[in-house]
Amino acid sequence: MLEVNDLSAGYGNTQVLHHVSLHVAPGQSVCLIGANGAGKTTLMRCIAGLLRPSAGRIAISDSDMTAAASARLGFGVALVPEGRRVFAPMSVRENLEMGAFRRLWPRRDRTVAGDMAMVFDLFPRLWERQKQPAGLLSGGEQQMLAIGRALMSRPRLLLLDEPSMGLAPRVVQEIFVTIRRLNAEGMSILLAEQNANMALRSAARGYVLAEGEIVRVAESSVLVSDPSVRAAYLGL
Amino acid sequence: MQTSSAFLQLLVAGISTGSIYALIALGFNVVFKSTGAMNFAQGEWVVMGGMISALLLGTFSSVGVACLLAVLLVAIFGLLSERLVIRPLRHPTALLITLVSIGLSICTRSFVMLTLGKKPVGYPGFSGATTISLGGVTFQAQTLWIVGLTLAFLVIMHFFFERSMLGKALRAAAADREAAAIVGVRVETTILISFGIAAFAGALAGAIITPLTLASYDQGAMFGFKGFSAAMLGGVGSLPGAVVGGLALGLLEAFGSFYISSDFKDAIAFAVLLLILFVRPSGLLGRADVVKV
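A brief report on the enclosed structure follows. (Residues numbered from 1 in each chain as written. Chains lettered and ligands numbered in written order. Predicted model: local features only at pLDDT ≥ 70, side-chain atom pairs only at ≥ 80, totals over all residues. Heavy atoms only, no water.)

1. Observations concerning the overall build of chain B
Next, step 1: In terms of helices and strands, chain B carries eleven helices and three strands.
Next, step 2: The helix and strand sequence of chain B, counted from the amino end, reads α-α-α-α-β-β-β-α-α-α-α-α-α-α.
Next, step 3: For 293 residues, the compact-globule estimate of 2.2 N^0.38 gives 19 Å, and chain B sits close to it at 19 Å.
Next, step 4: Out of the 293 residues in chain B, the part that is buried amounts to 50%.
Next, step 5: Long-range contacts, defined here as pairs at least 24 residues apart, represent 75% of the contacts in chain B between residues at least 6 apart.
Next, step 6: On chain B, roughly 13,100 Å² of surface is accessible, and the fraction owed to carbon and sulfur atoms is 70%.
Next, step 7: Taking the average place of the 17 positive charges on the side chains of chain B and the average place of its 11 negative ones, the gap between the two points comes to 5 Å. (Helix = DSSP H or I, 4+ residues; strand = E, 2+ residues; numbered from the N terminus. Rg over C-alpha atoms; globule rule 2.2 N^0.38 Å. Buried < 20%, exposed > 50% of the residue type's maximum accessible area, 1.4 Å probe, protein only. Contact = heavy atoms within 4.5 Å. Areas by Shrake-Rupley, 256 points an atom, 1.4 Å probe, with all protein chains shown as cover. Lys, Arg positive; Asp, Glu negative; His and termini not counted. Charge placed at Lys NZ, Arg CZ, Asp CG, Glu CD.)

Structural data, given as structure tokens:
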């Protein structure tokens, strides 16, 4: 599904990622754990096509996508960005429509309505608040909206960047239940999280990113019981 | 009776000037929404609209056709301006775009002066020089055209931004550029479109007001500042705010210049601008965006 090879990237003269490689098999759920500033968001932005890598290649569904940045978003890959980034002045429903933008403009895809019904089914709270400006939703509801917006493009690979950030534990639980459900329904997932505990519990495999480099990769069950990972990322 | 007909006369004058200000303010607001910048070339597009209409009237006998073509040409000029002047900026911050737009306005004014001349131009209204008398008030038929066309344009803009996917994409990009890019909106294109709309609105204002006022290359700055004041008064970035601000400013000018002194006509806009900046910087209909984090 996703194949990242020897990727390096950064901003200006600051290199953030050094020779990162990772892969996500179709239908697999993979997590990326690491401390604040390790480069998780930079990696997610590269994969989503928002940042051009300085070296390396990114392939999605076996086709090289390193150059075709704008082709990725809206077609096959969707990003739930760090900090949710909902369109605050626009209504919940409009936010979801924007998620399907590439399917609604320039030509209108009639099947979008069905996907919106699916999102409302997944998050009934969004249905209740569909006419309200997204900026007035609670943090948890905004996260649901950000996920719903990403789903509206019908992605095969969903990138989630820190979905637990700033949310109450109970809400985090709820979000992760949804993430597991989406994966169980066949969606490939790449999840970047500081909350390593939650991330490892919902992903099959995990990569540990430190200072822009992948330092460990293993099955989640192995990482959870690894003493060094426990000490560094699980606070145990 | 004398005072009431004077009142009505001023009301009509205020609404028609106010419509023009509303169109210019709308141009300011559309660009502000998409870039966060104040585009000071806005007033020049008003002048261009009037002057090119006058030029085309030599070729086309119908005022309506000449004006329509002129407005479209200026809209294209607005698109080109964005492509040539704004797009190449490496770090397009709001302040930088504002400063660049001042340069753009000076260049546009010189361009208009060199190509279209320094002489003020004019042409008859869409219904010729017909005047209408109603309840003791006499006004030019063009006044109705101004109000009607402004209203039609505002309604179209409202539906464009609220209903069409492209309009929603413009709002989304205005709200959060990166998030818009994430859902596959090309943010540079939304900025381009907003400049096109702004130039269209400005040129429309110029094309419909010129039969009443004449157009000359050096009026742009004044049109720009009036529209800017109207946008600030109504609440910058707000579509209904442009209408309210434009009409309020037009009426204040009309009544102020009659009851105080016509010498103060232009000063009123600036007094209003200062007052609103002191008292309510977000404008009448503006509000700080509510965001829960």
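What follows continues from the structure just given.
2. Points about the interface of chain A and chain B
Next, step 1: The interface is formed by 26 residues belonging to chain A together with 22 residues belonging to chain B.
Next, step 2: Taking both sides of the interface into account, the surface hidden between chain A and chain B amounts to around 2,300 Å²; carbon and sulfur atoms contribute 63%.
Next, step 3: Among the residues chain A hides against chain B, the three largest losses belong to R85(A), F87(A) and F101(A). Together they make up 22% of the total.
Next, step 4: Linking chain A to chain B there are four salt bridges.
Next, step 5: In this structure, the salt-bridge partner of E178(B) is R45(A), at a minimum N-O distance of 2.9 Å.
Next, step 6: Summed over the shared surface of chain A and chain B, the number is five residue pairs in polar contact (both at pLDDT 80 or more).
Next, step 7: Looking at the side of chain A that touches chain B, the elements with two or more residues in it are α3 (92-99), α4 (101-104) and α7 (139-151) of chain A.
Next, step 8: Ranked by residues supplied to the side of chain A that touches chain B, first place goes to α3(A) with four residues.
Next, step 9: Broken down by class, the residue content of the side of chain A that touches chain B amounts to 14 nonpolar, five polar and seven charged. (Buried area = accessible area lost by both parts, 1.4 Å probe. Salt bridge = Lys/Arg side-chain N within 4 Å of Asp/Glu carboxyl O. Polar contact = N/O pair within 3.5 Å; in protein donor to acceptor, adjacent residues only side chain to side chain. Nonpolar A, V, L, I, M, F, W, Y, C, P; charged D, E, K, R; others polar.)

3. Considering unusual backbone geometry
Residue and element names in this part refer to chain A.
Next, step 1: Residue P106 follows W105 across a cis peptide bond; omega there is 0 degrees.
Next, step 2: For P106, the position within the fold is in the loop between α4 and α5 (112-122).
Next, step 3: Residue R154 is not a glycine yet carries a positive backbone phi of 55 degrees.
Next, step 4: On the secondary structure map, R154 appears in the loop between α7 and β7 (157-161).
Next, step 5: You will see that E162, though not glycine, has its phi angle at about 50 degrees, which is positive.
Next, step 6: As for its placement among the helices and strands, E162 is situated in the loop between β7 and α8 (169-184).
Next, step 7: Among the residues examined, E162 registers a relative accessible area of 5% and is labelled buried.

4. Describing the sheet that holds strand β2 (residues 14-24) of chain A
Residue and element names in this part refer to chain A.
Next, step 1: Reading across the sheet, the four strands line up as β2-β1-β4-β5 and stay open at both edges, with antiparallel pairing between neighbours. Sheet topology places β2 and β5 (63-64) at the edges, where each strand pairs with a single neighbour.
Next, step 2: Alignment of strand β4 (residues 55-60) against β5, held across two bridges, turns out to be antiparallel. Within the sheet, the bridge partner assigned to I60 lies in β5 and is S63.
Next, step 3: With respect to the sheet, helix α1 (residues 40-48) is in contact with β1 (2-11), β2 and β4, its orientation differing from that of β1 by roughly 115 degrees. (Pairing = 2+ DSSP bridges. Axes fitted to C-alpha atoms, helices over the stretch in contact; angles between N-to-C directions.)

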